[in-house]
Amino acid sequence: MGFSIALIVFSLLLMLLVLMHKGKGGGLSDMFGGGMQSSVGGSSVAERNLDRITIVTGLLWFACIVVLGILMKINN
């Protein structure tokens, strides 16, 4: 039960974090006008930290799925 709740929380958090990223261009962000802005400088500290938090959240989300799969296999 706890891993199911954690999976829901990590899923919502991961969606929020992905939506917070800037569009890099060449994808769907260009279709909606996101590609108009160009960043002259490199990634800011906030963008790099957002990338790191997104990666960690994605790994925790994946771990929850693996653990839930193992628990379902053991219980059956």
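Everything here concerns the structure above.
These numbers come from a predicted model, not from an experiment. (Residues numbered from 1 in each chain as written. Predicted model: local features only at pLDDT ≥ 70, side-chain atom pairs only at ≥ 80, totals over all residues. Heavy atoms only, no water.)

Colleague: Could you clarify how one ought to interpret the packing of helix H1 (residues 2–20) against helix H3 (residues 45–75) in this entry?
Modeller: Each packed pair of helices is defined by two parameters, the angle between the axes and the distance between the axes. In the contact formed by H1 and H3, the axes pass within 9 Å of each other and the chain directions differ by 150°. If you check the angle between H1 and H3, you find them roughly antiparallel. H3 is crossed by H1, and the crossing has left-handed handedness. Taken together, the residues of H3 that come into contact with H1 (itself represented by Phe3, Ser4, Ala6, Leu7, Phe10, Ser11, Leu13, Leu14, Leu17, Val18 and Met20) are Leu50, Ile53, Thr54, Thr57, Gly58, Leu60, Trp61, Cys64, Ile65, Val67, Leu68 and Leu71. Each residue belonging to the contact of H1 with H3 can be placed in one class, and the counts come to 18 nonpolar, 5 polar and no charged. (Axes fitted to C-alpha atoms, helices over the stretch in contact; angles between N-to-C directions. Helix = DSSP H or I, 4+ residues; strand = E, 2+ residues; numbered from the N terminus. Parallel < 35°, antiparallel > 145°, perpendicular 65-115°, else oblique. Left-handed = near helix turned anticlockwise from the far one by under 90°. Contact = heavy atoms within 4.5 Å. Nonpolar A, V, L, I, M, F, W, Y, C, P; charged D, E, K, R; others polar.)

Colleague: Could you clarify how one ought to interpret a nonpolar patch on the surface in this entry?
Modeller: On the surface, Trp61, Phe62, Ile65, Val66, Ile70 and Ile74 cluster together into a nonpolar patch covering about 550 Å² of accessible area. Tracing the backbone through its elements, the reader meets tryptophan 61 in helix H3. (Patch = residues over 30% accessible without salt bridge, like charges linked within 9 Å, V, L, I, M, F, W, Y side chains within 5 Å. Areas by Shrake-Rupley, 256 points an atom, 1.4 Å probe, with all protein chains shown as cover. Salt bridge = Lys/Arg side-chain N within 4 Å of Asp/Glu carboxyl O.)

Colleague: Before we go on, may I ask you to explain the side chain of threonine 57 in this structure?
Modeller: Considering the arrangement of structural elements, one finds threonine 57 in helix H3. Given a relative accessible area of 5%, threonine 57 falls into the buried group. A polar contact of 2.8 Å, which involves the side chain of threonine 57, links it to the backbone oxygen of isoleucine 53. Once residues lying within four places of it in the same chain are set aside, the contact partners of threonine 57 are Phe10, Leu13, Leu14 and Leu17. (Buried < 20%, exposed > 50% of the residue type's maximum accessible area, 1.4 Å probe, protein only. Polar contact = N/O pair within 3.5 Å; in protein donor to acceptor, adjacent residues only side chain to side chain.)

Colleague: Help me understand the environment of leucine 16, please; the structure alone is not making it clear to me.
Modeller: Topologically, leucine 16 is positioned in helix H1. Through-space distance from the C-alpha of leucine 16 to that of threonine 54 is 9.4 Å; in sequence the pair is 38 residues apart.

Colleague: Help me out: how do you make sense of the environment of valine 56 in this one?
Modeller: Relative to the helices and strands, valine 56 is located in helix H3. Judged by relative accessible area, which is 47%, valine 56 ranks as partly exposed. The sequence separation of valine 56 and leucine 14 amounts to 42 residues, and the corresponding C-alpha distance is 9.6 Å.

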